[in-house]
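Chain by chain, the residues:
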Amino acid sequence: MASKASTWDTKANLVPLEKGKEKEIRAKISKIKQAEVLRPGVVYVGHIPHGFFEPQVKRFFSQFGTISRVRLARSKKTGGPKGYGYIEFECEEVAKVVAETMHNYLMFEKLLKCEFVPSERVHPKTFDGWNKKFHKPTRRSTAIRKHNRPKDAAANLQSAMRLANKDIRMR
């Protein structure tokens, strides 16, 4: 049995849009591509189903146009997906078409929520680390980091008091 990741590698497995809308959307995108000035546009995507990660998102949304960057939110502690992310397209108009078309799109029993994000509302650090492969933190590295973190003044005082009490009991 093939894994989910390998099933998304072929173009035939992409879910086509409705037949009537597909031609209309492709016509809008072709008009946009002919425009001279290309400003990047960002789309917020919410309610992303589990198992639909960065490569699958990029592959699926590339049917609309060229994607510059994809960033899905992940938990720092567990590495699991939070269910939302941002996609940056090369052209702002394509991003608007994607947000309009894919809003409330049913995917794996979840309705995708897509919104166009104006460039002035995009935080400069939104796409930090977008090109790095995510590595899930191990329990060992988390425990080491927690054990070795610097203690604050209250924790140092409590430790000193405990040590003093132990020293008194020992004598």
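This structure is a prediction, so every number in the text was calculated from the model and none was measured. (Residues numbered from 1 in each chain as written. Predicted model: local features only at pLDDT ≥ 70, side-chain atom pairs only at ≥ 80, totals over all residues. Heavy atoms only, no water.)

**Q** Which residues make up a positive patch on the surface, and what are the values?
**A** Together, Lys77, Lys146, Arg149, Lys151 and Arg162 make up a positively charged patch on the protein surface. Considering the arrangement of structural elements, one finds Lys151 in the loop between helix H5 (139-148) and helix H6 (153-170). (Patch = residues over 30% accessible without salt bridge, like charges linked within 9 Å, V, L, I, M, F, W, Y side chains within 5 Å. Areas by Shrake-Rupley, 256 points an atom, 1.4 Å probe, with all protein chains shown as cover. Salt bridge = Lys/Arg side-chain N within 4 Å of Asp/Glu carboxyl O. Lys, Arg positive; Asp, Glu negative; His and termini not counted. Charge placed at Lys NZ, Arg CZ, Asp CG, Glu CD. Helix = DSSP H or I, 4+ residues; strand = E, 2+ residues; numbered from the N terminus.)

**Q** Outline the sheet that holds strand S3 (residues 81-89), listing residues and values.
**A** Here 5 strands make up an open sheet; going across it, the order is S2-S3-S1-S5-S4 and the pairing antiparallel. Either end of the sheet is taken by a strand with one partner, and the two such strands are strand S2 (67-74) and strand S4 (105-107). Each strand of the sheet is rotated relative to its neighbour by a mean of 25°, with strand direction disregarded. As defined by bridge partners, strand S1 (residues 41-46) adjoins S3 across 6 bridges and the pair is classed as antiparallel. Each residue of the ladder has a partner; that of Val43, found in S3, is Ile87. Sitting on the sheet, helix H3 (residues 54-61) touches S1, S2, S3, S4 and strand S5 (110-117), and the angle it makes with S2 is about 140°. Along the sheet face, helix H4 (residues 92-102) touches S1, S3, S4 and S5 and points at about 150° away from the line of S5. (Pairing = 2+ DSSP bridges. Axes fitted to C-alpha atoms, helices over the stretch in contact; angles between N-to-C directions. Contact = heavy atoms within 4.5 Å.)

**Q** Which residues make up H4, and what values go with them?
**A** Of all the 11 residues making up H4, 8 are buried; the element is thus mostly covered by neighbouring parts of the structure. Buried within H4 we find Glu92, Val94, Ala95, Val97, Val98, Ala99, Thr101 and Met102. Taken from the residues just after H4, Asn104 is the one with a positive phi, measuring 65°. (Buried < 20%, exposed > 50% of the residue type's maximum accessible area, 1.4 Å probe, protein only.)

**Q** Give a description of unusual backbone geometry that names residues and reports values.
**A** In the Ramachandran plot, His47 falls in the positive-phi region, its phi being about 60° despite a non-glycine side chain. Tracing the backbone through its elements, the reader meets His47 in the loop between S1 and H3. Even without being glycine, Glu109 reaches a positive phi, approximately 65°. Checked against the element boundaries, Glu109 lands in the loop between S4 and S5. A relative accessible area of 77% means that Glu109 is categorised as exposed.

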